[in-house]
Amino acid sequence: MIEPFNDEYFMRKALEEAQLAYEEDEIPVGAVVVSQGKIIGRGHNMTERLNDVTAHAEMLAITAAANYLGGKYLRNCTLYVTLEPCSMCAGALFWTQISKVVFGASDEKRGYREFGSRLHPKTQLVEGILRNESTELLQQFFRSKRKK
């Protein structure tokens, strides 16, 4: 049994968001923002539905969390996301001053580290939480696209 309030628990919540994206024929990436053990922002990719290249899971979760908190900074918050953030999302995370970012699968082609982007110097980074589950969902999605 998973204990509440640990990285794996919240990453599973991000995976639930990724599954929603999958079901909506979006690239299956999901994210949640957590403050004091409570999810205050959720998001999954909606770039196709909204016809908006910025509608990444992280961006939507950041916006929801900022609205919940009533401010633009996410200090003392953690973002859980199933895929390594891209440069755009890493830039947004930098400006939020988020305390911690946890991601599942690495993105060796489009991840922020490939482009020399960085998070805020005070942001703690944890990678590889539920990596296999995150990777499998992405691979399943792209395999289904190749068959069409």
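Residues numbered from 1 in each chain as written. Predicted model: local features only at pLDDT ≥ 70, side-chain atom pairs only at ≥ 80, totals over all residues. Heavy atoms only, no water.

Per the UniProt record, the feature "binding site: Zn(2+)" (unreviewed entry) sits at H56, C86 and C89. In summary, the annotated positions, though distributed over 34 residues, converge in three dimensions, the widest C-alpha pair being only 9.2 Å. Checked against the element boundaries, C86 lands in the loop between β3 (77-83) and α4 (87-96). When sequence neighbours within four positions are dropped, the list of residues in contact with C86 reads H56, E58, R110, G111 and Y112. Looking at where C89 falls in the secondary structure, it is placed in helix α4. Those residues in contact with C89 that sit more than four places away from it in its chain are H56, E58 and M59. (UniProt positions renumbered as here; feature names shortened; annotations may be inferred. Helix = DSSP H or I, 4+ residues; strand = E, 2+ residues; numbered from the N terminus. Contact = heavy atoms within 4.5 Å.)

The strand order across the open sheet built from 5 strands is β2-β1-β3-β4-β5, with neighbouring strands paired in mixed fashion. Edge positions in the sheet fall to β2 (38-44) and β5 (124-127), since each of these pairs with one other strand and no more. Here the average twist between neighbouring strands, direction ignored, is 15°. Sheet topology note: the strand β4 (residues 100-105)/β5 ladder contains 4 bridges and is parallel. (Pairing = 2+ DSSP bridges. Axes fitted to C-alpha atoms, helices over the stretch in contact; angles between N-to-C directions.)

Scanning the entire structure with this criterion turns up 10 salt bridges. With its nearest N and O atoms 2.5 Å apart, the salt bridge here joins D25 to K145. Of the two residues, D25 is situated in the loop between α1 (7-23) and β1 (30-35) and K145 in helix α5 (residues 131-147); the sequence distance between them amounts to 120 residues. Residue K145 is classed as partly exposed on the basis of its relative accessible area, which comes to 30%. Ionic contacts of the salt-bridge type, sharing partners, join the residues E8, R12 and E133 into one network. (Salt bridge = Lys/Arg side-chain N within 4 Å of Asp/Glu carboxyl O. Buried < 20%, exposed > 50% of the residue type's maximum accessible area, 1.4 Å probe, protein only.)

This paragraph deals with α5. Residues spaced three or four apart along an α-helix face the same direction, because each turn holds 3.6 residues. For α5, built from 17 residues, the straight-helix expectation of 24 Å at 1.5 Å per residue is met to within 8% by its first-to-last C-alpha distance of 24 Å. Those residues of α5 not exposed but buried are S134, L137, L138 and F141. End-on view of α5: buried residues confined to an arc of 90°, all on one side of the axis. The exposed residues of α5 that point more than 90 degrees off its buried face are N132, R146 and K147. (Expected span 1.5 Å × (residues − 1). Arc of directions from axis to C-beta.)

V33, L74, L79, L93 and I98 are the most contacted members of the largest nonpolar core, which has 23 residues in total. At the level of elements, β1, α3 (57-69), β3, α4 and β4 are the ones that each hand at least two residues to this core. Residues in contact with L79, not counting those within four places in the same chain, are A31, V32, V33, E58, A61, L93, I98, K100, V101 and V102. Core analysis: the second largest hydrophobic core is formed by 11 residues, M11, L15, I39 and L130 among them. (Core = buried A, V, L, I, M, F, W, Y, C linked by side-chain atoms within 4.5 Å.)

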